[in-house]
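# Reading the structure
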Amino acid sequence: MLVIIVLGLIVLLIISAFIFKKKRITNYKTMGKTKKIIVITLLCVFIFVIISTLMSDGIKSFYCLSDDKCVTVWKRDSGEVLIISGKYKSKEIPLDNYIKITNLNYSSIVVLFVGNKLLVDVENNAMALQKSSNGTMELYRNEKALNDSLYTKFDGKYRRYKEKINYININIEENYATDKNDKKLN
């Protein structure tokens with residue numbers, strides 16, 4: 001977007017230079033107008049660079065458990081959601097250790113902290129691209145049967161996470177999360 005604006009301003013500057021060139025710049029008034037156009041164009045480019053720097057690409061939310069286990073949820077303007085381990089503050093998409101989710105039909109994601117890795121539990125319809133070369137983040141559904149046997153129990157009616165499992169239940173739509181005791185996280 002910024003590139004298109006800058007190119008438009010450059011074209012405007014070139015066109016105005018040709019218009020004034022045809023009038024044969026002989027007096028100081030015409031030269032003053034040319035200088036004003038150049039200054040205004042440079043000022044506009046500078047303002048657009050500042051605005052584009054300050055604009056964000058969505059909303060980042062950080063959720064932490066009491067033992068400093070954190071996760072970043074980045075709801076991007078494009079509609080995709082990035083789940084990133086730790087507190088991620090950069091404006092660039094990470095190269096590794098994140099899960100990108102699109103096509104969310106409901107707004108809840110559960111992140112389980114198991115040892116040194118994160119298991120991200122999303123619905124089956126959600127498109128999830130996993131980027132973790134060292135295995136620190138995985139999709140729960142990739143090994144659903146194994147993960148269910150290790151981390152859940154059946155209470156007679158529902159499958160629930162075992163007491164020893166730390167997890168964060170994230171409501172994507174409302175931008176809040178709760179821990180395993182349903183305590184709201186900041």
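Report follows, based on the coordinates. What you see is a predicted model; the values in this text were computed from it and never measured. (Residues numbered from 1 in each chain as written. Predicted model: local features only at pLDDT ≥ 70, side-chain atom pairs only at ≥ 80, totals over all residues. Heavy atoms only, no water.)

Right, let's talk about unusual backbone geometry for a bit. Phi is positive for Asn97, close to 60 degrees, though the residue is something other than glycine. Mapped onto the fold, Asn97 is located in the loop between strand 3 (81-85) and strand 4 (98-102). Residue class for Asn97 comes out partly exposed when judged on its relative accessible area of 22%. Here Asp182, not a glycine, exhibits a phi torsion of approximately 60 degrees, which is positive. Structurally, the position occupied by Asp182 is in the loop between strand 12 (176-178) and strand 13 (184-185). (Helix = DSSP H or I, 4+ residues; strand = E, 2+ residues; numbered from the N terminus. Buried < 20%, exposed > 50% of the residue type's maximum accessible area, 1.4 Å probe, protein only.)

What follows covers the side chain of Asn171. Within the element layout of this structure, Asn171 appears in strand 11 (residues 166-171). Owing to a relative accessible area of 17%, Asn171 belongs among the buried residues under this scheme. At 3.2 Å, the side chain of Asn171 forms a polar contact with the backbone nitrogen of Glu173. With sequence-adjacent residues up to four places away left out, Asn171 is seen in contact with Ser107 and Tyr176. (Polar contact = N/O pair within 3.5 Å; in protein donor to acceptor, adjacent residues only side chain to side chain. Contact = heavy atoms within 4.5 Å.)

What follows covers the nonpolar core. Grouped together as the largest cluster of nonpolar side chains are 22 residues, with contacts concentrated most on Ile83, Val111, Val120, Ile168 and Ile170. The set of elements that each furnish at least two residues to this core consists of strand 2 (70-75), strand 3, strand 4, strand 5 (108-114), strand 6 (117-121), strand 8 (137-139) and strand 11. Looking at this core, the element that brings in the most residues is strand 5, giving 3 residues. With residues near it in sequence (within four places) discarded, Val111 still touches Val71, Ile83, Leu118, Leu119, Val120, Asn166, Tyr167, Ile168 and Ile170. With 9 residues, the next largest nonpolar core counts Val110, Val114, Tyr140 and Tyr167 among its residues. (Core = buried A, V, L, I, M, F, W, Y, C linked by side-chain atoms within 4.5 Å.)

Roughly 440 Å³ of volume is contained in the largest pocket. What lines the largest pocket is a set of 25 residues, among which Val110, Arg159, Arg160, Tyr161 and Tyr167 lie closest to the centre. Contributions of two or more residues to the lining of the largest pocket are made by strand 5, helix 3 (144-151), strand 10 (159-161) and strand 11. Ranked by residue count, the leading element in the lining of the largest pocket is strand 10, at 3 residues. Taken together, the residues of the lining of the largest pocket break down into 7 nonpolar, 6 polar and 12 charged. (1 Å grid on protein atoms, 1.4 Å probe; cavity = no way out; pocket = protein on both sides within 12 Å on 5 of 7 lines; lining within 4 Å. Points joined across faces, edges and corners; volume = space filled by probe spheres on them. Nonpolar A, V, L, I, M, F, W, Y, C, P; charged D, E, K, R; others polar.)

Glancing now at a nonpolar patch on the surface. A surface patch of nonpolar side chains, about 520 Å² in accessible area, is lined by Leu43, Phe46, Ile47, Phe48, Ile50 and Ile51. Of the residues examined, Leu43 reaches a relative accessible area of 47% and is grouped as partly exposed. (Patch = residues over 30% accessible without salt bridge, like charges linked within 9 Å, V, L, I, M, F, W, Y side chains within 5 Å. Areas by Shrake-Rupley, 256 points an atom, 1.4 Å probe, with all protein chains shown as cover. Salt bridge = Lys/Arg side-chain N within 4 Å of Asp/Glu carboxyl O.)

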